[in-house]
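Chain residues, written in single-letter form:
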There are 2 protein chains.
Amino acid sequence: MMRPTIKNVAAEAGVSTATVSYVLAGRTKGKGSGISIETSRRVHEAAHKLGYRPNQAARTIRTGRSNLMMLSLTMLSDPWSLSVSKAVGAAVSAEGITPMILADTDWRKAIPRQGADVIFIDDAAQAGDAELLAELSRSNSLVVFSETLEPNGFDVIRSMAGPSLDLAMDHLTARHRRIAVLTTKSSLGAKSPARLEAYRDGMKRAGLPELVAAFDGDELNAYAAAVELLSRPDPPTAIFAISDYAAIAAIHAAQRLRLSVPDDLEVIGVGNTTQGEVMTPSLSSVGPVGFFTRLADVLVERALNPHAPHRAVDFPWQVLLRDSSPEFSQDLQDPKREVKK
Amino acid sequence: MMRPTIKNVAAEAGVSTATVSYVLAGRTKGKGSGISIETSRRVHEAAHKLGYRPNQAARTIRTGRSNLMMLSLTMLSDPWSLSVSKAVGAAVSAEGITPMILADTDWRKAIPRQGADVIFIDDAAQAGDAELLAELSRSNSLVVFSETLEPNGFDVIRSMAGPSLDLAMDHLTARHRRIAVLTTKSSLGAKSPARLEAYRDGMKRAGLPELVAAFDGDELNAYAAAVELLSRPDPPTAIFAISDYAAIAAIHAAQRLRLSVPDDLEVIGVGNTTQGEVMTPSLSSVGPVGFFTRLADVLVERALNPHAPHRAVDFPWQVLLRDSSPEFSQDLQDPKREVKK
DNA sequence: ATGAAAGCGCTAACAC
DNA sequence: GTGTTAGCGCTTTCAT
């Protein structure tokens, strides 16, 4: 009942453990390393007979590589997270790397316990994160999504969100007077410190009063907050949501209240996720284009080359107006209204 | 630049590696194991100074436990998967177990490479799975979601779906004549072999012709298939979707085509996920009640007690009519129409 | 109260 | 071509 080891296989095949290791590593064909075809066959046979599975922990301790990529995703139900997972899954398939998701967990607590070759962290904005990351980067390759950090032993994925966020706010303030922001209470956390500010600045520029609806947690709470917001006596005619998932929740809330999107309510999200793109009505969003594929590439590069110099990767953002905005607008970059296939 | 080991810490603190191990394992207070308070302090100090992090792989190889729980989720974007992740996350938090998600991957290929104490597999229906699982269960504790397998070295989570699926079909056939099923092409895979059959049997009972819309893959394709289905000259007035995510896609498709749910189209899904419950209109679904919490409990129990006898856990299902069905129906069990909070 | 030492399963020099 | 052997970092008897 004990799990068979390389030793058992060696005994069964009548060879040494080294030979087994070689054969199972597939170095039987190369010209330099010579294992006879017959020995190789016997080893494979023995391994199969015993139901041998390599012990990943032992291999890791020896080689120093786990072939694991960890994705720390703060809110798995955020379509942003799903997009990351999908893109990474597609990118690593060829490389012998297995992506594992650490979901809805504070990486600050959970990471130290893990061993992955490369770790993606989707949320690093709290005080002290810079130090902690520098510290962690001594034992793992880190790729961090952050608007504020600089590379320091780890890579940083940055969204050059500012200008596009401003543009989106100007779009809204030109068309509406009551514009609410739907945001997480801890706008410090998550991917969004700059987003709330963009709203505030935009409203200030237009001389309009702020209308803040804050929720705590996931899309269910965002939905509840949106319902509350839209049920007020003088509801907003536009919502700037701090994230696509919040925007989607707002649209569902509007539909529930029999409000028409975009006629009664314009909604713009942030993140440009696939989910927003394919929903009905499709969601206007400000976000990077081609982001997820590129992010996945960066992660794979880092996995394959742990010692390459660390860098910051910037993504230009765009405003993408779709069905949740009333009209085609000439004044925005890339104004082509996207069509669903 | 090398990652510090227990050895370095021992040297720095002027003690042996054994002492460091003891201290860091927290066995300093117990009466039996005596480490002086002073030594303990020095060790902690040294560890902190060096930025020591235990090597998880080394610990695993020595103890045989990784404190990892792996969730193999065939389609992460399926709300079913999100519900699993959420429930498990809540259940393990206290136990020192870290749940990791293996997403959108064939466990048949990926599992052998991993080392987790307990592995949840959400999809085991293919030929040969029974043998492979029995095999794998020699090295890992397995919990398998399956309608067909029997426990054999692993636990089985079973949904007693049949009667409720039949009930749901009878509900539909009593009210509609053109009822379509929205299903994955490979209805062999995934969690659904019995679901398609329930549709077929139900239609046969009612003497109605089958109307099958099959898609390949994820919710985007389900959406496309639903649009196509509803655009036909003689569209169905009800859709029985093989999974909640497909049902949600169908509702979105209907909304896009300006059809009213439930007036023009009744939709019933399978799985009873939270996402379906909170959407607008809320989704009628047939599924287990309290399933996810219970599943999480089973996983935790298994993680804590690897040698307990293996068992099958059955979940009774119910038909839950919500807004995507036109009317309150007396003839169904638990007919209380649920209200969103 | 602390340390020495034996491995866990595996890989990679280096011998033969 | 194949075997010997020395560890990787850690935990855990068993001495002292």
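By the naming in an unreviewed UniProt entry, chain A goes by LacI family transcriptional regulator and is assigned to Arthrobacter stackebrandtii.

In this structure, what is going on with the overall build of chain A? I would like to understand it.
Helix and strand counts for chain A come out as 13 helices and 11 strands. A compact globule built from 341 residues should have a C-alpha radius of gyration of about 20 Å, whereas chain A, at 25 Å, is more than 25% larger. Dimensions of chain A, computed from C-alpha atoms along their principal axes, come out at roughly 85 × 40 × 35 Å. Burial statistics for chain A: of 341 residues in total, 53% are counted as buried. Taking the intrachain contacts of chain A between residues at least 6 apart in sequence as the baseline, contacts between residues at least 24 apart amount to 67%. Entry remark: accessible area of chain A is about 14,700 Å², with carbon and sulfur atoms responsible for 53%.

Would you mind showing me how to read the packing of helix α8 (residues 162-175) of chain B against helix α9 (residues 193-206) of chain B here?
Residue and element names in this part refer to chain B. Running from amino to carboxyl end, α8 crosses α9 at an angle of 40°, the nearest separation of the two axes being 9 Å. By the criterion of interaxial angle, the relationship of α8 to α9 is oblique. In this structure, the crossing between α8 and α9 has a hand that is right-handed. Where α8 abuts α9, its residues Leu165, Asp166, Met169, Asp170 and Thr173 lie against Ala194, Arg195, Ala198, Tyr199, Gly202, Met203, Arg205 and Ala206.

Sorry if this is basic, but what is going on with the protein's contact with DNA strand D here?
What surrounds DNA strand D is a group of 27 residues, the closest being Arg62 of chain A together with Ile6, Tyr22, Tyr52 and Arg62 of chain B. For DNA strand D, the fraction of protein-proximal atoms (within 4 Å) that sit in sugar or phosphate groups is 60%. In this structure, serine 16 of chain A approaches DNA strand D through a main-chain N or O atom, which is 2.9 Å from a phosphate oxygen. Between DNA strand D and the protein, one listed contact pairs a base nitrogen with a side-chain N or O atom of arginine 62 of chain A at 3.0 Å. Every element with two or more residues in the surface near DNA strand D is listed here: α2 (17-24) and α4 (56-63) of chain A together with α2 (17-24) and α4 (56-63) of chain B. Looking at which element gives the most residues to the surface near DNA strand D, the answer is α4 of chain B, with 5 residues.

Any chance you could explain the nonpolar core here in plain terms?
Inside soluble globular proteins, nonpolar side chains tend to come together where they are buried. Counting residues in hydrophobic clusters, the biggest one holds 56 residues, and the most contacted among them are Phe120 of chain A together with Phe120 of chain B. Filtering out sequence-adjacent residues up to four positions away, phenylalanine 120 of chain A remains in contact with Met70, Leu71, Ser72, Leu73, Trp80, Val84, Val143, Phe145, Leu295 and Leu299 of chain A.

Explain the protein's contact with DNA strand C here, please?
Ile6, Arg27 and Arg62 of chain A together with Ser36 and Thr39 of chain B are the nearest of the 28 residues found near DNA strand C. Within 4 Å of the protein, the contacting atoms of DNA strand C are drawn from sugar and phosphate to the extent of 63%. Mapped onto the surface near DNA strand C, the elements with two or more residues apiece are α2 and α4 of chain A together with α2 and α4 of chain B. Among the elements that take part in the surface near DNA strand C, α4 of chain A stands out by supplying 5 residues, more than any other. Of the residues contributing to the surface near DNA strand C, the split by class is 12 nonpolar, 11 polar and 5 charged.

Teacher, can you tell me more about the domain arrangement of chain A here?
Accessible area lost upon the coming together of the parts serves often as the stated size of an interface. In terms of domains, chain A is made up of domain 1 (6-54), domain 2 (66-160 + 290-317) and domain 3 (163-283 + 322-333). Inter-centroid distance (C-alpha atoms) of domain 1 of chain A to domain 2 of chain A is 37 Å.

Teacher, can you tell me more about the confidence of the model for chain A here?
Residue and element names in this part refer to chain A. Averaged over all residues, the pLDDT of chain A is 87; the fraction at 70 or higher stands at 91%. Of all secondary-structure elements in chain A, the lowest mean pLDDT belongs to helix α6 (residues 107-110), at 84, while strand β8 (residues 238-241) reaches the highest, 98. In the predicted structure, residues 329-341 sits below a pLDDT of 50 and forms 36 contacts with residues beyond four places in sequence or in another chain.

I would appreciate a short explanation of the relation of the copies chain B and chain A in the present structure.
In this arrangement, two copies of a chain are superimposed by a rotation about an axis accompanied by a shift along the axis. Aligned on chain A, chain B shows an RMSD of 0.1 Å; the corresponding rotation is 180° and the shift along the axis is 0.0 Å. Such a combination of rotation and displacement between the chain copies is what one expects of a two-fold axis.

Whenever I open this one, the interface of chain B and chain A confuses me. Can you help?
Listed as interface residues are 49 residues of chain B and, on the opposing side, 49 residues of chain A. When chain B packs against chain A, the two sides together hide about 4,400 Å² of surface, and 54% of this comes from carbon and sulfur. For the pair chain B and chain A, the interface holds 3 salt bridges. Note that lysine 86 of chain B is salt-bridged to aspartate 218 of chain A, the shortest N-O span being 3.1 Å.

Any chance you could explain the pairing of strand β10 (residues 284-288) of chain A here in plain terms?
All names here are of chain A. In terms of burial, β10 is largely enclosed, as 5 of its 5 residues are buried. Where β10 lies against strand β11 (residues 312-320), 4 bridges are found, and the strand directions are antiparallel. Its bridge partner being in β11, proline 288 is matched across the sheet by tryptophan 317.

It is not clear to me how the pairing of strand β11 (residues 312-320) of chain B should be interpreted in this structure. Could you clarify?
Judged from the 5 bridges that link them, strand β5 (residues 155-160) of chain B and β11 of chain B form a sheet pairing that is parallel. Within β11 of chain B, the position partnered with valine 156 of chain B by the bridge is alanine 312 of chain B.

I'm lost on the packing of helix α10 (residues 219-231) of chain B against helix α11 (residues 244-256) of chain B in this one. Help?
A pair of packed helices is captured by two measures, namely the crossing angle of their axes and the spacing between those axes. All names here are of chain B. Two elements in contact, α10 and α11, have axes whose closest approach is 8 Å; the angle formed by their N-to-C orientations is 50°. The angle between α10 and α11 places the two elements in the oblique class. Both α10 and α11 take part in a crossing whose hand is right-handed. Mapping the contact onto sequence places Glu219, Ala222, Tyr223, Ala226, Val227 and Leu230 in α10 and Tyr245, Ala246, Ala249, Ala250, His252, Ala253, Ala254 and Arg256 in α11. Looking at side-chain class alone, the contact of α10 with α11 contains 11 nonpolar, 1 polar and 2 charged residues.

For this particular structure, what's the right way to read the pattern of salt bridges?
Two side chains with opposite charge may pair up if their charged atoms get near one another. Counted under the stated rule, the structure contains 35 salt bridges over all chains. With a shortest N-O distance of 3.6 Å, aspartate 234 of chain B and arginine 178 of chain B are connected by a salt bridge. Residue aspartate 234 of chain B is located in the loop between α10 and β8 (238-241), and its partner arginine 178 of chain B is located in the loop between α8 and β6 (179-184); the two are separated by 56 residues in the primary sequence. Since its relative accessible area comes to 48%, aspartate 234 of chain B is described here as partly exposed. Of the residues examined, arginine 178 of chain B reaches a relative accessible area of 32% and is grouped as partly exposed. Connected through salt bridges with shared partners, the residues Glu38, Arg41, Arg42 and Glu45 of chain A form a single ionic network.

Would you take a moment to explain the side chain of aspartate 218 of chain B for this structure?
If you trace the backbone, aspartate 218 of chain B turns up in the loop between β7 (212-215) and α10. Leaving out residues up to four positions away in the same chain, aspartate 218 of chain B has contacts with Lys86 of chain A together with Met75 and Tyr245 of chain B.

Can you walk me through the environment of proline 151 of chain B in this structure?
All names here are of chain B. Topologically, proline 151 is positioned in the loop between β4 (141-145) and β5. A C-alpha to C-alpha distance of 9.7 Å links proline 151 and proline 309, two positions 158 residues apart in sequence. Sequence-distant contacts of proline 151, defined by excluding residues within four places in its chain, comprise Val156, His310, Arg311 and Ala312.

Criteria and cut-off values
- Residues numbered from 1 in each chain as written.
- Chains lettered and ligands numbered in written order.
- Predicted model: local features only at pLDDT ≥ 70, side-chain atom pairs only at ≥ 80, totals over all residues.
- Heavy atoms only, no water.
- Helix = DSSP H or I, 4+ residues; strand = E, 2+ residues; numbered from the N terminus.
- Rg over C-alpha atoms; globule rule 2.2 N^0.38 Å.
- Buried < 20%, exposed > 50% of the residue type's maximum accessible area, 1.4 Å probe, protein only.
- Contact = heavy atoms within 4.5 Å.
- Areas by Shrake-Rupley, 256 points an atom, 1.4 Å probe, with all protein chains shown as cover.
- Axes fitted to C-alpha atoms, helices over the stretch in contact; angles between N-to-C directions.
- Parallel < 35°, antiparallel > 145°, perpendicular 65-115°, else oblique.
- Left-handed = near helix turned anticlockwise from the far one by under 90°.
- Near = heavy atom within 4 Å.
- Polar contact = N/O pair within 3.5 Å; in protein donor to acceptor, adjacent residues only side chain to side chain.
- Core = buried A, V, L, I, M, F, W, Y, C linked by side-chain atoms within 4.5 Å.
- Nonpolar A, V, L, I, M, F, W, Y, C, P; charged D, E, K, R; others polar.
- Domains from an automatic or database assignment.
- pLDDT = per-residue confidence, 0-100.
- Least-squares fit on C-alpha atoms with pLDDT ≥ 70 in both.
- Buried area = accessible area lost by both parts, 1.4 Å probe.
- Salt bridge = Lys/Arg side-chain N within 4 Å of Asp/Glu carboxyl O.
- Pairing = 2+ DSSP bridges.

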